[in-house]
Amino acid sequence: MKQITLLSVAAMAAMSAQAQSQRPNIVYIMTDDHTAQALSAYGKSHIQTPNLDQIAQEGVLFRNSFVANSLSGPSRACMLTGKHSHANGFTNNEHGIFDGSQQTMPKLLQQAGYQTALIGKWHLVSEPTGFDHWDILIGQGEYYNPLFHHQDGSKSVEQGYCTNVITDKAINWMENRDKERPFILFVHHKACHRNWLPEIKYLREYEDQTFEKPDNFWDTYEGRVAAQQQEMAIASNHDMDLAYDTKAYLPGDQSRLSGAYVGYVERLEPELKKQYWTFYDSLSCDFKRQNLQGKDLVEWKYQRYMRDYAKVTRTLDDNVGRLMEYLRENGMLENTLVVYTSDQGFYMGEHGWFDKRFMYEESLSTPLLMRLPDGYNRRGEITDMVQNIDYAPTFLEMAGVKVPSDIQGKSLVPLLRGEKTIGKWRDAIYYHFHEYPAEHAVKRHYGVRTERYKLIHFYNDIDTWELYDLQEDPTEMKNVYDDPAYAKVRKQMHKKLGITFIYVTHDQEEALTLSDTIIVMNDGVIQQIGTPTDIYNEPANSFVANFIGESNILNGRMLKDMEVEVMGVNAECVDKGFATDEPVDVVI
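Thresholds applied
Residue numbering note: each chain is counted from 1, following its sequence as written. In keeping with the model being predicted, local features are shown solely for residues with a pLDDT of at least 70 and side-chain atom pairs are shown and tallied solely at 80 or more, while totals for entire chains, interfaces and linings include all residues. Heavy atoms from the whole structure form the basis of all side-chain values; hydrogens and water molecules are not counted. A strand pair is defined by DSSP finding two or more bridges across the two strands. Under the DSSP-based scheme used, a helix requires at least four consecutive residues in state H or I and a strand at least two consecutive residues in state E, with every element numbered from the N terminus. To obtain each axis, a line is fitted to C-alpha atoms, and for helices this fit is confined to the stretch in contact; angles are then taken between N-to-C directions over 0 to 180 degrees. By definition in these notes, contact holds between two residues if any of their heavy atoms fall within 4.5 Å. Every angle not falling under 35 degrees, over 145, or within 65 to 115 is termed oblique; those three ranges are roughly parallel, roughly antiparallel and roughly perpendicular. Crossing chirality is assigned from the near helix's rotation relative to the far helix, an anticlockwise turn below a right angle marking it left-handed and a clockwise turn marking it right-handed. Following the grouping adopted for this structure description, the nonpolar residues are Ala, Val, Leu, Ile, Met, Phe, Trp, Tyr, Cys and Pro, the charged ones are Asp, Glu, Lys and Arg, and the polar ones are all others, Gly among them. In a helix, the anticipated span is given by 1.5 Å times the number of residues less one. Each residue gets one of three labels from its accessible area relative to the maximum for its type: buried under 20%, exposed over 50%, partly exposed in between, using a 1.4 Å probe on protein chains only. The reported arc concerns the directions from the helix axis to the C-beta atoms and nothing else.

Caption draft 1: The sheet that holds strand E14 (residues 444-450), seen in detail. As summarised here, the arrangement of the four strands in space is E13-E14-E15-E16, forming an open sheet in which the pairing is antiparallel. If you trace the sheet from one side to the other, it starts and ends with strand E13 (428-433) and strand E16 (464-469), each paired once. Strand-to-strand twist of the sheet, defined as the mean angle between neighbouring strand axes without regard to direction, takes the value 10°. Where E14 lies against strand E15 (residues 453-459), six bridges are found, and the strand directions are antiparallel. Residue pairing for E15: Tyr446 is matched across the bridge by His457. Against the sheet, helix H15 (residues 487-497) engages E13, E14, E15 and E16, with an angle of about 110° to E14.

Caption draft 2: Structural detail: the sheet that holds strand E6 (residues 147-150). Strand order across the open sheet formed by 10 strands is E7-E6-E5-E4-E8-E1-E9-E10-E2-E11, with mixed pairing between neighbours. Of all the strands in the sheet, the pair left with one neighbour each is strand E7 (155-157) and strand E11 (380-382). In this sheet, neighbouring strand axes are inclined to one another by 20° on average, regardless of whether the strands run parallel or antiparallel. Contacting strand E2 (60-62), strand E9 (336-342) and strand E10 (368-371), helix H2 (residues 50-58) crosses the sheet at an angle of about 65° to E10.

Caption draft 3: How the structure looks around the packing of helix H10 (residues 270-290) against helix H11 (residues 294-329). The interhelical angle for the contact between H10 and H11, taken along N-to-C directions, is 170°, at an axis separation of 12 Å. Taken together, the axes of H10 and H11 are roughly antiparallel relative to one another. You can see that H10 and H11 cross each other, and the crossing is right-handed. Side by side, H10 and H11 meet where Phe279, Tyr280, Leu283, Phe287 and Gln290 of the first sit next to Leu297, Trp300, Arg304, Asp308 and Lys311 of the second. Its residues assigned to classes, the contact of H10 with H11 shows six nonpolar, one polar and three charged.

Caption draft 4: Fine view of H10. End to end, H10 covers 30 Å across 21 residues, agreeing with the expected 30 Å (1.5 Å per residue, within 8%). For H10, the complete set of buried residues consists of Lys273, Tyr276, Trp277, Phe279, Tyr280, Ser284 and Phe287. Around the axis of H10, the buried residues are gathered within 170° of arc, so they sit on the same side. Set apart from the buried face of H10 by more than 90 degrees, the exposed residues are Lys274 and Arg289. Each element contacted by the buried residues of H10 is listed here: helix H8 (242-246), helix H9 (258-265) and H11.

Pasting the structure below:
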């Protein structure tokens, strides 16, 4: 009897080990500020990325992949928690500290028996939690001989180029892990973050290439107030620093960020540093000789920016290839989900910009490629709208872990299995950028994007709405929010957003077209509330729409305040009235 019991225990242990091994490993590669315009699998790319392209060729490419908050730390918090910034608490880099005690996807996988490891950029201030092993850059990290913070509390400078060092550490961890248990490995690169310091062997790459400017490079921002007030313009020497960003520097030169630039380069070993300065000194001397002005200077800066960004991306692609080769050589690809993405997209001169933050397409979107383990048959392009809050529930479901009900993202597993999703998938995504006032001066804003339309509200020290028809205006140059032809679309998008505009109008036809509920006011006092039929069946002189101007008061509070109360409902002021979070339309 005892022998049978022992055999049963052994069999159960064997079955448990088999179940563990069948659960897929997950290798999650995330870069910083790598954009689809610089990834050739997406088609119209400035450069070639063959190793990244191979992931797409062997797996899936998400054509409509977006983030919830286009900024490094907040984006990472969204990924880890599967929740929007307001729900996970890390809204901005300026003073945010990630609450590591909260539920995260790595913790749930760890509790389910997965080995969890994080290597590279963290950028969430607090120490990582939910990881069996972590080895992270401090803050933004450095390209040359980066400083790492280790799990035991110690810190050390690691010799080499940051992208190579992170890949070395990732491979070393996989070599020494417990081979009997599944794992999730987060490989977080600093590349392609500003200020684009290249690996020394690639100093001369792309120097003979002239990068084509986007069609809207010389954008004048007509009808877009927030875009007019940003500080991320290539044309501005304050925004794009000549020394720091374009490497136009000779000893003795001074600029806003020249000291930081020199400090980063000085981290190099003497021989490599000599090669670096020899190359860029030559370019800087030529730049000073040309004495460029006006548009010639702006175009020169654009070419320098693009060439250095491309060099950094070249090393990144090399290292993705190294990591994939390790998985292939060790027979791990068939049972490993490989994910490649970035924390957000980036401007490659679109609108005359670099950086991210805005809800416009280039920075709202982010590359997303996946090579799938056995059992997931989807291949090619996926056009459904996905977001970085979807990664957490996806990894949990693939690992056989129940997805908590408070996670806001949707598991991508049905898409990866090739299931039909018509009528079952989301038809819109929500976005919210919180970090203002801050570097680059991008106003706080939130919005909603559907397949065709995008609605954005800029707020805080500004109060403007923007609406774009992405089919007719894919580069988002024409704000049609106040275009009467888009009145019905505007109403539909406000409903989609869940914050409904309260229109100010004296026009009965417009009121009947746009509203479900009408509030009649006279000198700031509510006279009548009802449906269009209720109101307009009354004599015409029974309603007066007198609501424009700061002197009007609603429920005892000034309309100019950022928050007012409408029938006890919290509301936000907007351009011509105010908006509520109630699912009703109101015309005043």
